[in-house]
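Read off the chains here:
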Amino acid sequence: MALNKSAVVDTALGLLHEAGLPGMSMRTLATRLNVQPSALYWHFPSKQALLTAVAERVLADVAPVEAGASAADELRGVARAMRIAVAGVPDGAEIVALGLAAGAVNPVADAVARTCARHGGGDRAAGLTTALTAYVLGVTIEEQTHHNLAAVDPAMPRVDYDSRFDEGLEAMLAGMVG
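Our subject in this report is the structure included herewith.

Rules and cut-offs
Residues numbered from 1 in each chain as written. Predicted model: local features only at pLDDT ≥ 70, side-chain atom pairs only at ≥ 80, totals over all residues. Heavy atoms only, no water. Buried < 20%, exposed > 50% of the residue type's maximum accessible area, 1.4 Å probe, protein only. Helix = DSSP H or I, 4+ residues; strand = E, 2+ residues; numbered from the N terminus. Arc of directions from axis to C-beta. Contact = heavy atoms within 4.5 Å. Salt bridge = Lys/Arg side-chain N within 4 Å of Asp/Glu carboxyl O. Axes fitted to C-alpha atoms, helices over the stretch in contact; angles between N-to-C directions. Parallel < 35°, antiparallel > 145°, perpendicular 65-115°, else oblique. Nonpolar A, V, L, I, M, F, W, Y, C, P; charged D, E, K, R; others polar.

1. Quick look at helix 6 (residues 92-101)
The complete set of buried residues in helix 6 reads Gly-92, Ala-93, Ile-95, Val-96 and Gly-99. Projection of helix 6 onto a plane perpendicular to its axis shows the buried side chains occupying an angular sector of 160 degrees, all on one side. Of the surrounding secondary structure, the elements contacted by the buried residues of helix 6 are helix 1 (5-19), helix 4 (47-60), helix 5 (71-87) and helix 8 (125-152). Positive backbone phi, at 105 degrees, marks Gly-103, one or two positions downstream of helix 6.

Structure below.
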C-alpha cells in the first residue's frame, strides 16, 4: 500500500474501530503501516491534524437530507444523519468535536443553510448549526462513554440512547423552529 494521506486516514479509522481513541497512537499507526513514525509526519504535522482529517472523513458520511415538508423535518434528518455517522466510529463524537474545534468542515452547516433557505430563517442558520451539532455530539459522547464504561462494568444499567436522543431532539426542535 502506498503511503498517502488517504491510506493513513483509512488505517487510523481501522485502528479506531479496533482499539478506540486510547489505542490510536502515531507509533501504533506507523507500525500498522510498516513505516517509521516520522513518515506519518510527512503527511500530517501532528496527531491533532490527523484526527482532524479523520473527523472530516467521519463527517463525509453524513448523508444528504432530502427537502422535507417543514424545517423541523429536515433538521431532524440532518441531526439523525450526523448521529449515525459519528456513532459509527468508536469515540467518534470526541474525534469529531476535536476536529471541528481544529477547523474541520462541518457538512451540517451547509444542510442547515439549505433548510433555512427553503423554509425561511436564513439568519438563524449559524445558530441552528451550532445547536444541532452540539446536541448530536453531546448525546453521542455520553452514549459512547457509557458504552466504554459498561464494557468494564457489565452491571451498569442499560440506557436507551435512541429514545433519549429522539426525545431531546424533539424538545429542541420545538424551540428552534416553531
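2. Considerations on the pattern of salt bridges
Tallied over the entire structure, the rule returns 10 salt bridges. Here Arg-83 makes a salt bridge to Asp-162, at a shortest N to O gap of 3.0 Å. Of this pair, Arg-83 sits in helix 5 while Asp-162 is found in helix 9 (residues 161-176), placing the two residues 79 residues apart along the sequence. Relative accessible area serves as the criterion here: at 47%, Asp-162 is assigned to the partly exposed category. Between Glu-142 and Arg-164 there is a salt bridge, and its shortest N-O distance comes to 2.2 Å. Of this pair, Glu-142 sits in helix 8 while Arg-164 sits in helix 9, and the two are 22 residues apart along the sequence. Taken together, the salt bridges that share partners define one network made up of Asp-73, Arg-76 and Glu-170.

3. What about the packing of helix 1 against helix 4?
Relative to each other, helix 1 and helix 4 sit at 80 degrees, their axes nearing to 10 Å. Overall, the two elements helix 1 and helix 4 adopt an arrangement that is roughly perpendicular. Here Ser-6, Val-8, Val-9, Asp-10, Ala-12, Leu-13 and Leu-16 of helix 1 come into contact with helix 4, specifically with Leu-50, Ala-53, Val-54, Arg-57 and Val-58. Per-class residue counts for the contact of helix 1 with helix 4 are nine nonpolar, one polar and two charged.

4. Structural notes on the environment of Ala-53
In this fold, Ala-53 is placed in helix 4. For the pair Ala-53 and Ile-95, spaced 42 residues apart in sequence, the C-alpha to C-alpha distance is 9.8 Å. Residues within four places of Ala-53 in sequence aside, it is in contact with Val-9 and Phe-44.

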